[in-house]
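This is what each chain is made of:
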Amino acid sequence: MAAVSRQGANVRPPAVAGLFYPAEARRLSTTVADLLAAAPAGTGTSPKALIAPHAGYVYSGAVAAAAFARLHGCAQAVTRVVLIGPAHYVAVRGIAVPAADRFATPLGPVPIDRAALADLTELPFVVVDDVPHAPEHALEVELPFLQALLPSFRLVPLLAGDAASFEAAAALERLWGGPETLIVVSSDLSHYHDHATAARRDAATARRIEAGDWASLGADDACGWVAVAGLIREASRRGLAARRLSLCNSGDTAGSRNRVVGYGAWSFG
């Protein structure tokens, strides 16, 4: 059983409301609705898993919406979301889960699946720690999209730090579930190259994701590469492959082309 390093507050409050997305509930709801309405209509089977970016909505919101719009046809069936992304601010050995009972956004609180996390802490690389979750944006920015689309769901929030892809895959295997469970991997792609270099690098990363080549992914390809590789490992084992939904960078959306961040969206189903 993993040790508890800190028992946190019952509710993890939003850390980046007003920075990465609107802090006022009505404006946030409208922003998310507009992004989803502008996203391409989903076709084909309902997704078991999604990869979506986690920058400010002005930069990556349209790409994230391309992923989450795929849920329109299966929203009633999804009652649990496994959300995994990188720990940007606090060093973590392994995968950190929170002690909090709920994660809040301006749209309201999302209950956490404490039973699933209790089961997950049987894995030796999983630690219970609210500290890395407190300032983290990687999971938080995905929640308003999920709140807008899913009538009711419980959250399983995971932050991958100094972890191996097989550890992320083992956690996802334990949490995989059936059609009631959606897996969302939160990750941006390359960071701080010029536009042409980023486009070239991200296209190569996209091809590796779509080919199931988890072994060649690294930190220079995606900030959430551990979770991305873990998802590919487990999805491939189950016969699922990635389908590209969107690929661009901040130079295409709302920023300079001299120093950009890459964004991509994929579905597995």
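As for the environment of leucine 71
Link 1 in the chain: Mapped onto the fold, leucine 71 is located in the loop between helix H2 (57-68) and strand E4 (80-86).
Link 2 in the chain: Look at leucine 71 and you get buried, because its relative accessible area is 0%.
Link 3 in the chain: Spatially, the C-alpha atom of leucine 71 lies 8.0 Å from that of glycine 42, the residues being 29 residues apart in sequence.
Link 4 in the chain: Contacts of leucine 71, omitting those with residues within four sequence positions, involve Pro47, Leu50, Leu146, Leu149, Leu150 and Leu182.

Focus on the packing of aromatic side chains
Link 1 in the chain: Overall, the coordinates contain three aromatic pairs when judged by the stated rule.
Link 2 in the chain: Geometrically, the ring pair formed by phenylalanine 68 and phenylalanine 145 is stacked, given 5.2 Å between the ring centres and 10° between the ring planes. Residue phenylalanine 68 is located in helix H2, and its partner phenylalanine 145 is located in helix H4 (residues 143-149); the two are separated by 77 residues in the primary sequence. The pair phenylalanine 68 / phenylalanine 145 is uniform in exposure class, with both members buried.
Link 3 in the chain: The ring centre of phenylalanine 103 lies 5.3 Å from the NZ or CZ of arginine 12, which sits over that ring.

Some details on the pattern of salt bridges
Link 1 in the chain: Inspection of every chain in the model, using the stated rule, returns 11 salt bridges.
Link 2 in the chain: Residue glutamate 140 is joined to arginine 12 by a salt bridge in which the shortest nitrogen-to-oxygen separation is 2.6 Å. Separated by 128 residues along the polypeptide, glutamate 140 in the loop between strand E8 (126-129) and H4 and arginine 12 in strand E2 (residues 11-12) bring together distant segments of the chain.
Link 3 in the chain: Of the charged contacts, one joins arginine 244 and glutamate 210 as a salt bridge, the two residues approaching to 2.7 Å between their closest N and O atoms. Residue arginine 244 is located in strand E12 (residues 242-249), and its partner glutamate 210 is located in helix H6 (residues 195-211); the two are separated by 34 residues in the primary sequence.
Link 4 in the chain: Owing to a relative accessible area of 36%, arginine 244 belongs among the partly exposed residues under this scheme.
Link 5 in the chain: Three or more residues are tied together by salt bridges with common partners; here these are Glu173, Glu234, Arg237 and Arg238.

Re the sheet that holds strand E7 (residues 108-111)
Link 1 in the chain: Pairing in this open sheet of three strands is mixed, and the strands run E2-E6-E7 from one edge to the other. The two strands at the open ends of the sheet, each matched to only one other strand, are E2 and E7.

Some details on the side chain of aspartate 130
Link 1 in the chain: Mapped onto the elements, aspartate 130 comes out in the loop between E8 and H4.
Link 2 in the chain: By relative accessible area, which is 8% here, aspartate 130 ends up buried.
Link 3 in the chain: Here the side chain of aspartate 130 touches alanine 100 through a polar contact of 3.3 Å, landing on its backbone nitrogen.

A few points about the side chain of arginine 12
Link 1 in the chain: On the basis of relative accessibility, which here comes to 6%, the residue arginine 12 falls in the buried class.
Link 2 in the chain: From its side chain, arginine 12 meets the backbone oxygen of histidine 133 in a polar contact 2.9 Å long.
Link 3 in the chain: Contacts of arginine 12, omitting those with residues within four sequence positions, involve Ala100, Arg102, Phe103, Ala104, His133, Ala134, Pro135, Glu136 and Glu140.

Examining the packing of helix H1 (residues 25-38) against H2
Link 1 in the chain: The contact between H1 and H2 brings their axes to 8 Å, and the two run at 60°. In terms of axis orientation, H1 runs oblique to H2. You can see that H1 and H2 cross each other, and the crossing is right-handed. When H1 is examined against H2, the residues Leu28, Thr31, Val32, Leu35 and Leu36 are found in contact with a partner set consisting of Tyr57, Gly61, Ala62, Ala65 and Phe68.
Link 2 in the chain: Of the residues assigned to the contact of H1 with H2, the class counts are eight nonpolar, two polar and no charged.

Remarks on H6
Link 1 in the chain: Between its first and last C-alpha atoms H6 spans 24 Å; for 17 residues at 1.5 Å apiece the expected length is 24 Å, and the two agree.
Link 2 in the chain: If you check which residues of H6 are buried, you get His195, Thr197, Ala198, Asp202, Thr205, Ala206, Arg208 and Ile209. When H6 is viewed along its axis, its buried side chains cluster within an angular range of 160° and face the same direction. In H6, the exposed positions angled more than 90 degrees off the buried face are occupied by Arg200, Arg207 and Ala211.
Link 3 in the chain: For H6, the capping residue at the N-terminal end is aspartate 194, with a side-chain oxygen 3.2 Å from the backbone nitrogen of alanine 196.
Link 4 in the chain: Phi turns positive one or two residues past the end of H6, at glycine 212, with a value near 75°.

Rules used in this analysis
Residues numbered from 1 in each chain as written. Predicted model: local features only at pLDDT ≥ 70, side-chain atom pairs only at ≥ 80, totals over all residues. Heavy atoms only, no water. Helix = DSSP H or I, 4+ residues; strand = E, 2+ residues; numbered from the N terminus. Buried < 20%, exposed > 50% of the residue type's maximum accessible area, 1.4 Å probe, protein only. Contact = heavy atoms within 4.5 Å. Phe/Tyr/Trp six-rings, centres within 6.5 Å; stacked < 30°, edge-to-face > 60°. Lys NZ or Arg CZ within 6 Å of the ring centre and 35° of its normal. Salt bridge = Lys/Arg side-chain N within 4 Å of Asp/Glu carboxyl O. Pairing = 2+ DSSP bridges. Polar contact = N/O pair within 3.5 Å; in protein donor to acceptor, adjacent residues only side chain to side chain. Axes fitted to C-alpha atoms, helices over the stretch in contact; angles between N-to-C directions. Parallel < 35°, antiparallel > 145°, perpendicular 65-115°, else oblique. Left-handed = near helix turned anticlockwise from the far one by under 90°. Nonpolar A, V, L, I, M, F, W, Y, C, P; charged D, E, K, R; others polar. Expected span 1.5 Å × (residues − 1). Arc of directions from axis to C-beta.

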